[in-house]
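Summary of the model geometry
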Amino acid sequence: PWRTPLATFLTTERRGHCEHFASATALMLRAAGIPTRYAVGYAVDEYSRLEGAWLARARDAHAWVYAWYDGAWQVVDTTPAT
């Protein structure tokens, strides 16, 4: 009962949603002294030629981290593909 959901994710479960992976990554990088930003948005990969636009669906919602490295913000996405 004393563990936070993130602590449980890191120490016991080791599986979860992209929010778990992004939160854990941001906190660990910050603990190492690396500035980070937690980001949420859509990771879209479907283009509609009919509409001439990218299609963003609810299932495309995602969370990831930006880390300040080598003078620029770099995308760090630790969520496994499966």
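Here the structure is a predicted model, which is why all the values come from computation and not from measurement.

**Notes on the pattern of salt bridges**
By the definition in use, this model includes 3 salt bridges. Here Glu 46 and Arg 57 are joined by a salt bridge, their closest N and O atoms 3.1 Å apart. Taken together, the residues Glu 46 in strand β2 (residues 46-48) and Arg 57 in the loop between β3 (53-55) and β4 (61-69) connect sequence positions 11 residues apart. Salt bridges sharing common partners tie together Glu 46, Arg 57 and Arg 59.

**Description of the packing of aromatic side chains**
Tallying each qualifying case throughout the model produces 4 aromatic pairs. An angle of 70 degrees between the planes, with centres 5.2 Å apart, marks the rings of Tyr 47 and Trp 54 as edge-to-face.

**Quick notes on the sheet that holds β4**
Strand order across the open sheet formed by 3 strands is β1-β4-β5, with antiparallel pairing between neighbours. The two strands at the open ends of the sheet, each matched to only one other strand, are β1 (36-42) and β5 (72-76). Across the sheet, the mean angle from the axis of one strand to that of its neighbour is 35 degrees, orientation sign disregarded. Bridging between β1 and β4 involves 7 bridges; their strand directions are antiparallel. Residue pairing for β4: Gly 41 is matched across the bridge by His 62. Lying over the sheet, helix α2 (residues 18-31) contacts β1, β4 and β5, oriented at roughly 15 degrees with respect to β4.

Rules behind the numbers
- Residues numbered from 1 in each chain as written.
- Predicted model: local features only at pLDDT ≥ 70, side-chain atom pairs only at ≥ 80, totals over all residues.
- Heavy atoms only, no water.
- Salt bridge = Lys/Arg side-chain N within 4 Å of Asp/Glu carboxyl O.
- Helix = DSSP H or I, 4+ residues; strand = E, 2+ residues; numbered from the N terminus.
- Phe/Tyr/Trp six-rings, centres within 6.5 Å; stacked < 30°, edge-to-face > 60°.
- Pairing = 2+ DSSP bridges.
- Axes fitted to C-alpha atoms, helices over the stretch in contact; angles between N-to-C directions.
- Contact = heavy atoms within 4.5 Å.

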